[in-house]
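Each chain, written out:
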Amino acid sequence: MCLGIPGKVLNIKDEMAEVDFGGVKRTVSLLLCPEVKVGDYVLVHVGFAITKLEEEEAKETLKLLEEYLGREELD
Amino acid sequence: MEEKSLIEAIRALHDGPIRLMEVCGTHTVSISRAGIRVVLPKGIELLSGPGCPVCVTPQEEIKQAMDLAREKDTLLLTFGDLMRVPTKYGSFETLKAEGTDIRVILSPFDAIRIAEENSGKRVVFFSVGFETTAPAVAATILEAKKRDIKNLFFLSAHKLIPPALRALLEGRRVLIDGFILPGHVSVIIGREPYEFIPRDFGIPCVITGFEPQDILEGILMLLQQKRKKRAEVQIQYKRAVRPEGNPRARALMEKVFEERDSRWRGLGLIPLSGLGLRESFKDMDAQRVFELKEPEPIPDPPNCKCAEILQGLLKPPECPLFGKTCTPQHPIGPCMVSSEGSCSAYYRYGDGEFYA
Amino acid sequence: MHDKVLLAHGAGGGASYDLIRKFFLTFFSNKVLQALDDAAVLSLDGSRLAFTIDAYVVYPLFFPGGNIGKLALCGTVNDLSVMGAKPLGIAVAYILEEGFPMEDLERITSSLSEMAKEVGVWVVTGDTKVVPKGTSHGLFLITSGIGLIEEGVFLSGSRAKPRDVVIVSGPIGDHEAAVILARGEFAIEGDLKSDCAPLWDLVRSILKVTKNVHVMRDPTRGGLATSLWEIAQSSKVGIVIEEESIPVRREVLALCELLGFDPYYLASEGRLIVIAPEEEAERILSAMREHPLGREGKIIGNVVEENPGRVLLKTKIGGHRLLEPLMGSQFPRIC
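Residues numbered from 1 in each chain as written. Chains lettered and ligands numbered in written order. Predicted model: local features only at pLDDT ≥ 70, side-chain atom pairs only at ≥ 80, totals over all residues.

### Points about the overall build of chain C
Thinking step 1. When you go through chain C residue by residue, the secondary structure sums to nine helices and 15 strands.
Thinking step 2. Computed over the C-alpha atoms, the radius of gyration of chain C is 19 Å, within 12% of the 20 Å expected from 2.2 N^0.38 for a compact globule of 335 residues.
Thinking step 3. Dimensions along the principal axes, computed over C-alpha positions, put chain C at roughly 60 × 55 × 45 Å.
Thinking step 4. Counting across all 335 residues of chain C, residues that qualify as buried make up 53%.
Thinking step 5. Put simply, of all contacts in chain C between residues at least 6 apart along the chain, 84% involve residues at least 24 apart. (Helix = DSSP H or I, 4+ residues; strand = E, 2+ residues; numbered from the N terminus. Rg over C-alpha atoms; globule rule 2.2 N^0.38 Å. Buried ≥ 20, exposed ≤ 12 C-beta atoms within 10 Å, placed from the backbone. Contact = placed C-beta atoms within 7 Å.)

### Description of the overall build of chain A
Thinking step 1. What chain A contains, in helices and strands, is one helix and five strands.
Thinking step 2. Listed by position from the N terminus, the elements making up chain A come as β-β-β-β-β-α.
Thinking step 3. Across the 75 residues that make up chain A, the buried fraction comes to 51%.

### As for the confidence of the model for chain A
Residues and elements named next belong to chain A.
Thinking step 1. For chain A, per-residue confidence averages 81 on the pLDDT scale, and 71% of positions sit at 70 or higher.
Thinking step 2. No element of chain A has a lower mean pLDDT than helix α1 (residues 55-69), which averages 55, and none a higher one than strand β2 (residues 16-20), which averages 97.
Thinking step 3. Low confidence marks residues 68-75, where pLDDT is under 50. Its contacts with residues over four positions away, or in another chain, come to 17 contacts. (pLDDT = per-residue confidence, 0-100.)

### Focus: the pairing of strand β1 (residues 18-22) of chain B
On any regular strand, side chains alternate: one points to one face of the sheet, the next to the other face.
All names here are of chain B.
Thinking step 1. Of the pairings in the sheet, the one linking β1 to strand β2 (residues 44-48) comprises five bridges and is parallel in character. Opposite Leu20, over in β2, you have Leu46 as the bridge partner.
Thinking step 2. Here β1 pairs with strand β7 (residues 178-182) via three bridges, running parallel. Residue pairing in the sheet places Met21 in a bridge with Phe179 of β7. (Pairing = 2+ DSSP bridges.)

### Focus: the interface of chain A and chain B
Thinking step 1. Each side of the interface is counted separately: chain A has 24 residues, and chain B has 32 residues.
Thinking step 2. When residues of the side of chain A that touches chain B are traced back to their parent elements, those giving at least two are β4 (41-45), β5 (48-53) and α1 of chain A.
Thinking step 3. Residue contributions to the side of chain A that touches chain B peak at seven residues, all from α1 of chain A.

### What about the sheet that holds strand β14 (residues 311-314) of chain C?
Residue and element names in this part refer to chain C.
Thinking step 1. The strand order across the open sheet built from seven strands is β10-β12-β8-β13-β11-β14-β15, with neighbouring strands paired in mixed fashion. Two strands bound the open sheet, and with one partner strand each, they are β10 (215-217) and β15 (320-322). Averaged over all pairs of adjacent strands, the angle between strand axes in this sheet comes to 25°, irrespective of strand direction.
Thinking step 2. The pairing of strand β11 (residues 238-242) with β14 spans four bridges and is classified as parallel. Looking across to β14, one finds that Val240 is bridged to Leu312. (Axes fitted to C-alpha atoms, helices over the stretch in contact; angles between N-to-C directions.)

### So, the domain arrangement of chain C
All names here are of chain C.
Thinking step 1. The domains assigned to chain C are domain 1 (35-149) and domain 2 (165-322).
Thinking step 2. The gap between the C-alpha centroids of domain 1 and domain 2 is 23 Å.
Thinking step 3. Taken together, the contact pairs 22 residues of domain 1 with 20 residues of domain 2.
Thinking step 4. Residue assignment for the side of domain 1 that touches domain 2 shows that the elements contributing at least two residues are α3 (68-81), β5 (85-97) and α4 (102-119).
Thinking step 5. With seven residues, α3 is the largest single contributor of residues to the side of domain 1 that touches domain 2. (Domains from an automatic or database assignment.)

### Quick look at the sheet that holds β2 of chain B
Residue and element names in this part refer to chain B.
Thinking step 1. Spatially, the five strands line up as an open sheet ordered β2-β1-β7-β8-β9, and their pairing is parallel. Only two strands of the sheet have a single neighbouring strand rather than two, namely β2 and β9 (233-235). The average angle at which neighbouring strand axes cross in this sheet is 25°, direction not considered.
Thinking step 2. Relative to β9, strand β8 (residues 205-208) runs parallel, the two sharing three bridges. In the sheet register, Val206 faces β9, and the bridge partner there is Gln234.

### Notes on unusual backbone geometry
Thinking step 1. At the junction of Tyr59 of chain C and Pro60 of chain C, the peptide bond is cis and its omega measures out at 5° in the coordinates.
Thinking step 2. In this structure, Pro60 of chain C sits in the loop between β2 (47-56) and β3 (62-63).
Thinking step 3. Not every positive phi belongs to a glycine, and Val46 of chain A is a case in point at roughly 40°.
Thinking step 4. Along the polypeptide, Val46 of chain A turns up in the loop between β4 and β5.
Thinking step 5. On the neighbour-count criterion, Val46 of chain A (26 C-beta atoms within 10 Å) is buried.
Thinking step 6. One non-glycine residue with positive phi stands out, namely Ala187 of chain C, at about 50°.
Thinking step 7. Its location among the elements puts Ala187 of chain C in the loop between α5 (174-183) and β9 (188-190).
Thinking step 8. Classification of Ala187 of chain C as partly exposed rests on a count of 15 C-beta atoms within 10 Å.

### Let's talk about the interface of chain C and chain B
Thinking step 1. On the chain B side, the residues contacting the 19 residues of chain C number 32 residues.
Thinking step 2. In terms of residue class, the side of chain C that touches chain B is built from 10 nonpolar, five polar and four charged. (Nonpolar A, V, L, I, M, F, W, Y, C, P; charged D, E, K, R; others polar.)

### Some remarks on the packing of α3 of chain C against α4 of chain C
Residue and element names in this part refer to chain C.
Thinking step 1. At their nearest, the axes of α3 and α4 sit 6 Å apart, and the two run at 30° to each other. In this structure, α3 meets α4 at a crossing whose hand is right-handed. For the pair α3 and α4, the contacting residues are Ile68, Gly69, Lys70, Ala72, Leu73, Cys74 and Val77 in the first and Ile108, Thr109, Ser111, Leu112, Met115, Ala116 and Val119 in the second. (Left-handed = near helix turned anticlockwise from the far one by under 90°.)

### Comments concerning the confidence of the model for chain C
Thinking step 1. This prediction gives chain C a mean pLDDT of 93; 100% of its residues lie at or above 70.
Thinking step 2. ipTM for the predicted complex: 0.91, alongside a pTM of 0.89.

### Description of the nonpolar core
Thinking step 1. By size, the foremost hydrophobic cluster in this structure holds 242 residues, and its most contacted members are Leu32, Val42, Phe48 and Ala49 of chain A together with Ile239, Leu255 and Val274 of chain C.
Thinking step 2. Looking at this core, you find at least three residues from each of domain 1 (35-149) and domain 2 (165-322) of chain C.
Thinking step 3. Beyond its immediate chain neighbours, meaning those up to four positions away, Val274 of chain C contacts Ile167, Ile206, Val213, Met216 and Ile284 of chain C. (Core = buried A, V, L, I, M, F, W, Y, C linked by C-beta atoms within 7 Å.)

### Let's talk about helix α8 (residues 134-146) of chain B
The periodicity of an α-helix, 3.6 residues per turn, causes residues three or four positions apart to be oriented the same way.
Thinking step 1. Here α8 of chain B spans 18 Å end to end across 13 residues, near enough to the 18 Å set by a 1.5 Å rise per residue.
Thinking step 2. Those residues of α8 of chain B that sit buried are Ala134, Pro135, Ala136, Val137, Ala138, Ala139, Thr140, Ile141 and Ala144 of chain B. (Expected span 1.5 Å × (residues − 1).)

### Quick word on the packing of helix α7 (residues 108-117) of chain B against α8 of chain B
Residue and element names in this part refer to chain B.
Thinking step 1. Running from amino to carboxyl end, α7 crosses α8 at an angle of 25°, the nearest separation of the two axes being 8 Å. One element, α7, and the other, α8, form an angle in the roughly parallel class. Remark: the crossing between α7 and α8 carries right-handed chirality. Residues Pro108, Phe109, Ala111 and Ile112 of α7 pack against Ala136, Val137, Thr140, Glu143 and Ala144 of α8. (Parallel < 35°, antiparallel > 145°, perpendicular 65-115°, else oblique.)

Quick look at the structure:
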């Protein structure tokens with residue numbers, strides 16, 4: 001347990017953030033991580049940010065994900 | 001560190017049979033999907049413990065939710081993971097096929113929207129998951145209370161990981177040389193709740209992430225601890241896990257939920273291992289509102305060895321039903337139905353020897 | 001077998017497979033049907049005709065990259081194309097829900113008609129029925145097609161041979177990913193379009209450079225993994241593909257991450273799998289890449305003797321993983 005996906009916070013309104021997960025976006029609740037700011041990377045589980053990821057470390061995850069899956073920009 | 005060098009480092013450090021247990025369904029899946037067992041040297045055994053909410057939710061709790069779903073003007077919501085769990089009475093999927101209104105949601109917040117859109121119905125969220133998910137549900141309950149939503153109820157089947165680990169170890173039946181601890185549960189609870197494992201049982205632990213690289217690093221760190229004859233709780237998943245966890249998430253969880261004894265499929269009753277809504281939220285607690293009694297335990301099918309497998313005592317092929325009457329296409333026990341279950345993973349990926 | 005029909009039975013995976021083999025085949029057993037390819041092959045005076053039928057129940061009816069009309073025409077044309085058959089005629093049956101807007105019917109029919117023109121095939125016969133309001137999502141379509149298989153072309157799921165290469169014409173899963181987004185159930189936004197497209201022209205360009213091709217398939221419901229599994233079963237061979245080689249758009253991957261889905265099980269509606277002898281690979285890839293629908297064509301693996309009936313995925317870290325057929329639609333996971 002459990003799927004936690006890294007994403008980047010694009011904008012915030014009323015404790016809800018629009019998060020970019022590398023091409024698709026979803027609105028995410030910041031109720032568990034109120035200190036998050038626009039531009040931060042967060043780990044998201046069931047539509048809630050559960051922690052802030054340090055940018056360097058988050059990029060590592062995204063890079064790991066992309067590298068692991070062996071893909072570069074296709075479009 | 002690159003995967004290939006990690007694998008080499010593991011090979012170099014490895015010096016005898018070692019049994020490592022992961023207690024997170026997502027780890028089971030990640031390990032299987034990356035084909036990690038295939039690349040590990042023989043002798044490093046990866047066991048799957050009771051970390052799959054699908055696998056450990058007892059039949060009677062699912063049946064209770066199914067019974068509620070069948071009632072008039074009731075809409076049941078649950079996570080997709082549960083839809084195919086087989087019980088003596090069918091699954092949510094088969095119940096849905098009969099016309100019962102059961103819907104899959106991706107976030108507990110969706111339950112609020114659905115309740116608002118269906119004011120004429122009683123919307124019940126059958127809420128399952130460990131400490132990663134409980135805070136999100138707690139936040140949702142608080143929000144629902146704030147908005148004064150009257151037709152939304154929560155049936156909590158949440159369980160807690162550290163008590164299960166303690167029960168596993170106190171049972172003294174399994175020999176485990178190291179724990180790959182769940183990365184996302186740990187984001188919430190931090191390091192402290194696991195300290196009893198090295199302290200009281202001398203077993204090394206590493207809180208690990210979910211990418212293949214993370215898992216390989218975690219395994220390497222466990223081997224290093226063993227080599228140095230040390231036992232502590234280390235954090236491999238530094239980018240997400242702080243030693244103190246997420247205090248705000250825990251605070252919300254504690255505000256809404258209280259610990260209670262809980263039954264785990266396969267493991268039986270474990271004290272204070274589950275979460276129920278507090279008295280102050282009784283109007284949203286499905287248990288209280290619908291006067292649900294403690295359900296009668298439903299035994300697993302005869303010869304089903306999920307219990308032993310969940311404890312790491314048996315390997316899937318040692319279950320008499322494995323691969324014969326119990327397959328991913330026709331699962332009998334939970335370990336087979338869930339893609340994260342040990343049996344399902346084993347059936348698909350074998351022990352690594354399959355591809356020799 | 002279950003005593004009720006489940007959604008899983010229509011998902012194109014293992015449950016659908018079971019329903020066909022263990023149920024329907026007991027009523028309709030004949031050697032033409034038993035080949036269970038994408039189209040049936042009938043002989044007529046020395047020629048071979050391909051004959052196929054499909055039902056379309058997609059929801060929503062309109063999605064980025066197309067609509068049910070375009071999907072239906074392409075789907076049937078593609079089932080003929082992968083048998084190497086030039087489409088000769090299409091039949092369309094409409095099941096319309098009472099109250100369905102004429103404007104939508106026009107858009108859908110117009111798309112279907114445009115696609116047919118693009119392919120160069122006529123819609124030669126059809127039927128229309130109307131059902132009471134509330135009994136469908138607005139519109140179901142059933143399309144049937146007949147085509148003429150070129151001389152010297154023998155394509156079938158049972159013809160894959162060890163050492164054949166496995167080629168895919170482009171990124172997989174776009175269609176289903178786009179439809180999931182369009183359904184709006186999970187409030188996820190993304191810029192994905194269905195890959196829905198007619199494949200006859202691409203198939204023809206490939207067959208022009210060589211007829212020495214064993215299998216062609218379009219990975220629809222059940223995705224790449226299920227299609228390859230069916231071929232492995234039918235040909236009694238093993239198939240090994242490499243994770244690193246399989247093209248998937250990053251947006252599709254991101255969506256899969258969010259829902260806990262596996263991209264290898266997502267349907268495409270305009271991609272081609274080609275399995276052919278090793279020595280034909282370069283020629284086929286060239287022809288494929290010259291075509292607008294095949295620019296991203298790649299070799300993703302090959303056919304082997306070992307582990308017949310199974311599909312193995314080689315993972316990036318050097319491990320293996322079995323790709324079983326989809327067992328019913330994927331439910332989003334949180335775990």
